[in-house]
Amino acid sequence: GTPEQFVDFYEVAAKHLKSCFPELKIGGPAIAFRLDWADDFLREMKKREVSIDFFSWHIYCTEPSAIVKRAEAVRALLDKNGYEKTESILDEFNYIKGWTDDYVYSIKQIHGIKGATFLMAGICAAAKTSIDMLMYYDTRPSLFNGAFDYYTLEKLKGYYPLYWYGMFYDGYKELVTDENADSIYTIAGVKDDK
């Protein structure tokens, strides 16, 4: 439908679900590219007094700095429109150089070392932003899965950043790190036992 129809639909669905299940977090809309549309959407939701517990969005890029820049822009839009407490959820990110001529190249990179380093750098970069939740797209059998081979399910290079971060997340307290060089992304921590 049209953007106007989506806004009407979202208002009805969000208010109804929140009235039936007040304990659930209700949000969306998993926006991909159009932040101007996001601004219009948020402004209209505020005008209609629709609560938004989380705002979800995607980014496909080649540099983790683009994730940081988009996170800042999303947070600014949320705050500007009165949604200061709304969670910012990056629910799809992966390496993509282009959707037409560079698409095959991008898929090949996702499955190799470039995709794995982008994934690890993206996690490190996102950890220092206002992003509340981060989801890699994708670990189900698909072309975008850089963690497991589509046919054999053997581990690919992209598996290891996810595995490492899972260990880090479960057993470490994060230490503040600061990057002073372009294209260098870090995250560090210490276990409870020091």
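Structural data are supplied above this passage.
Residues numbered from 1 in each chain as written. Predicted model: local features only at pLDDT ≥ 70, side-chain atom pairs only at ≥ 80, totals over all residues. Heavy atoms only, no water.

Would you explain the layout of surface pockets in this entry?
Once rolled over the atoms, a probe with the size of a water molecule shows which space is left empty. In this structure, the largest pocket spans a volume of roughly 440 Å³. Every residue lining the largest pocket is counted, 19 residues in all, and those nearest its centre are Ile123, Ala127, Leu134, Tyr165 and Tyr169. Taken together, the elements giving at least two residues each to the lining of the largest pocket come down to helix H5 (113-126), strand S4 (133-136), helix H6 (159-171) and strand S5 (172-175). No other element matches H6, which puts five residues into the lining of the largest pocket. Class assignment of the residues belonging to the lining of the largest pocket gives a composition of 15 nonpolar, one polar and three charged. (1 Å grid on protein atoms, 1.4 Å probe; cavity = no way out; pocket = protein on both sides within 12 Å on 5 of 7 lines; lining within 4 Å. Points joined across faces, edges and corners; volume = space filled by probe spheres on them. Helix = DSSP H or I, 4+ residues; strand = E, 2+ residues; numbered from the N terminus. Nonpolar A, V, L, I, M, F, W, Y, C, P; charged D, E, K, R; others polar.)

I'm lost on the packing of aromatic side chains in this one. Help?
Two aromatic rings, taken as a pair, are described by how far apart their centres are and by the angle between their planes. Tallied over the full model, the rule gives 22 aromatic pairs. Taking the centre distance of 5.4 Å and the plane angle of 80° together, the rings of Tyr60 and Trp99 count as edge-to-face. Taken together, the residues span a long stretch of sequence, with Tyr60 in strand S2 (residues 54-61) and Trp99 in the loop between strand S3 (87-95) and helix H4 (103-110) at a distance of 39 residues. When its relative accessible area of 43% is taken as the criterion, Trp99 is described as partly exposed. For the ring pair Trp164 and Phe168, a centre distance of 5.3 Å and an interplane angle of 20° mean the geometry is stacked. You can see Trp164 and its partner Phe168 sitting in helix H6, four residues apart, about one turn around the helix. Joined through ring pairs, the aromatic side chains of Phe6, Phe9, Tyr10, Trp37 and Phe41 make up one cluster. One Lys or Arg, Lys46, reaches over the ring of Tyr83 and ends 4.9 Å from the middle of that ring. One residue, Lys97, lies across the ring of Tyr105, its end atom 5.0 Å from the ring centre. (Phe/Tyr/Trp six-rings, centres within 6.5 Å; stacked < 30°, edge-to-face > 60°. Buried < 20%, exposed > 50% of the residue type's maximum accessible area, 1.4 Å probe, protein only. Lys NZ or Arg CZ within 6 Å of the ring centre and 35° of its normal.)

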